[in-house]
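The residues making up each chain are set out below.
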Amino acid sequence: IRDYKVTGVQTCALPISIHIGALPDLRLPSGSFDIVSMLEFIEHIEDPAQYLRESLRLLRPGGTLLLSTPNYDSLSRRLIGREWRIFSPEHRHYFTERSLTALLRRSGFSRVKIDAVNWNPYDVLASRRGAWLRRASERRDAPSASSPRAAEQRLRRRIRSEEHTSETPVTL
């Protein structure tokens, strides 16, 4: 948050507390949360185990950690290879279902339920779009470069009602 200006808008009358800082440094009371959520976050931090241990400490008995992170074992990643959009310098860690389960258990979580999404058709189509455009521009009688875009838009419309992500939601 160092380089960002953060603004929050509250549209309801619920009392909402916002804490700014690294979770392990906030010194929040133990057992004070029913749910801790880490959505698309754990892959960005230096020490995920430290954050998971702190999350467990903050959860009330029977509480839930809701976590999502890209699934390194996904079919999308295997089909796309190095072009997988998730590969990014800002990602310090990549998790498989097995490695994430092991990390959660080492961090003290005993009940782990992982719902792994294996592929995201949009990711695969988007990665192929660039290859289609390159091939189309090399052929003299190529269809217009908008053909892959039209196919991509048709697929987007078709899958819009379904939820396909490259995330691994974890409920504990």
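Throughout this description, residue numbers start from 1 for each chain and increase along the sequence as written. Per-residue local features are limited, in this predicted model, to residues with pLDDT of at least 70; the limit for side-chain atom pairs, both in listing and counting, is 80 or more; totals at the level of whole chains, interfaces and linings are taken over all residues. The side-chain figures draw on all heavy atoms in the structure; neither hydrogens nor water molecules are used.

**Student:** Report on the overall build of the protein, specifying residues and quantitative values.
**Tutor:** Helix and strand counts for the protein stand at five helices and four strands. Secondary structure elements follow DSSP: runs of H or I of four or more residues count as helices, runs of E of two or more count as strands, with numbering from the N terminus. Moving toward the C terminus, one meets the helices and strands of the protein in the order β-α-β-α-α-β-α-α-β. Burial analysis of the protein (172 residues in total) assigns 33% to the buried set. Taken as a whole, the protein presents about 11,900 Å² of accessible surface, with 50% of it coming from carbon and sulfur. Only protein chains enter the area calculation, which uses a 1.4 Å probe; residues under 20% of their type maximum are buried, those over 50% are exposed, and those in between are partly exposed. Calculation of accessible area relied on Shrake-Rupley with a 1.4 Å probe; when residues are assessed, cover is drawn exclusively from the protein chains displayed.

**Student:** So what's going on with helix H3 (residues 97-106)? Which residues, and what values?
**Tutor:** Regarding H3, the residues found buried are Leu 100, Leu 103 and Leu 104. Taken end-on, H3 shows its buried residues confined to a sector of 100 degrees, consistent with a single buried face. The exposed set on the far side of H3, more than 90 degrees from its buried face, consists of Arg 98 and Arg 106. A positive phi of about 110 degrees marks Gly 108, the residue just after H3. As used here, the arc is the angular range of directions from the helix axis to the C-beta atoms.

**Student:** Can you explain the pattern of salt bridges? Please cite residues and give values.
**Tutor:** Any two side chains of opposite charge can pair, given that their charged atoms come close. When a carboxyl oxygen of Asp or Glu lies within 4 Å of a side-chain nitrogen of Lys or Arg, that pair is called a salt bridge. Under the criterion given, the structure shown has four salt bridges. Ionic pairing is found between Glu 46 and Arg 92, a salt bridge with its closest N-O pair at 3.5 Å. Linking Glu 46 in the loop between strand S1 (33-39) and helix H1 (48-58) with Arg 92 in the loop between helix H2 (75-80) and H3, this pair joins segments that are 46 residues apart in sequence. This pair shows no difference in class: Glu 46 is exposed, exactly as Arg 92 is.

**Student:** Which residues make up the nonpolar core, and what values do they have?
**Tutor:** Core analysis: the largest hydrophobic core is formed by 19 residues, its most contacted members being Met 38, Ile 42, Leu 52, Leu 65 and Leu 67. At the level of secondary structure, the elements contributing two or more residues to this core comprise S1, H1, strand S2 (59-68) and H3. Broken down by element, the residue count for this core peaks at four residues, all from H1. What makes two residues a contact is simply this: any of their non-hydrogen atoms within 4.5 Å. Ignoring sequence-local partners within four residues, the contact set of Met 38 consists of Leu 23, Tyr 51, Leu 52, Ser 55, Leu 65, Leu 66, Leu 67 and Ser 68. We define the nonpolar core as a collection of buried residues of types Ala, Val, Leu, Ile, Met, Phe, Trp, Tyr and Cys that are connected through side-chain atoms lying within 4.5 Å of one another.

**Student:** Could you give an account of the pairing of S1, with specific residues and numbers?
**Tutor:** Pairing geometry for S1 and S2, over six bridges, is parallel. Within S2, the position partnered with Ile 35 by the bridge is Thr 64. Every crossover in which the path from the first strand over the helix to the second runs clockwise, viewed with the strands pointing away from the viewer, is termed right-handed. Handedness of the crossover joining S1 and S2 through H1 is recorded here as right-handed. For two strands to count as paired, DSSP must find a minimum of two bridges between them.

**Student:** So, the environment of Asn 71: which residues are in play, and what are the values?
**Tutor:** Its place among the elements puts Asn 71 in the loop between S2 and H2. When its relative accessible area of 4% is taken as the criterion, Asn 71 is described as buried. Each C-alpha atom, one on Asn 71 and one on Thr 96, is 5.6 Å from the other, the two residues being 25 residues apart in sequence.

**Student:** Give a description of H1 that names residues and reports values.
**Tutor:** When H1 is considered as a whole, its buried residues turn out to be Pro 48, Ala 49, Tyr 51, Leu 52, Glu 54, Ser 55 and Leu 58. Buried residues along H1 sit in contact with S1, S2 and H3.

**Student:** Outline the packing of aromatic side chains, listing residues and values.
**Tutor:** Centre distance and the angle of the planes are the two values used to describe a pair of aromatic rings. Only the six-membered ring of Trp is used, alongside the rings of Phe and Tyr, when aromatic pairs are assigned; centres must lie within 6.5 Å, and planes under 30 degrees apart are stacked while those over 60 apart are edge-to-face, with the rest tilted. Overall, the coordinates contain four aromatic pairs when judged by the stated rule. A connected cluster of aromatic rings, assembled from ring pairs, spans Tyr 72, Phe 87 and Tyr 94. Above the ring of Tyr 72, the side-chain terminus of Arg 77 is found at 4.0 Å from the ring centroid. Two conditions define a charge located above a ring, namely a distance within 6 Å from the ring centre to NZ of Lys or CZ of Arg, and an angle within 35 degrees of the ring normal.

**Student:** Tell me about the environment of Val 36, residues and numbers included.
**Tutor:** Examined against the element boundaries, Val 36 turns out to sit in strand S1. For Val 36 and Gly 63, which are 27 residues apart along the polypeptide, the C-alpha to C-alpha distance reads 8.1 Å.

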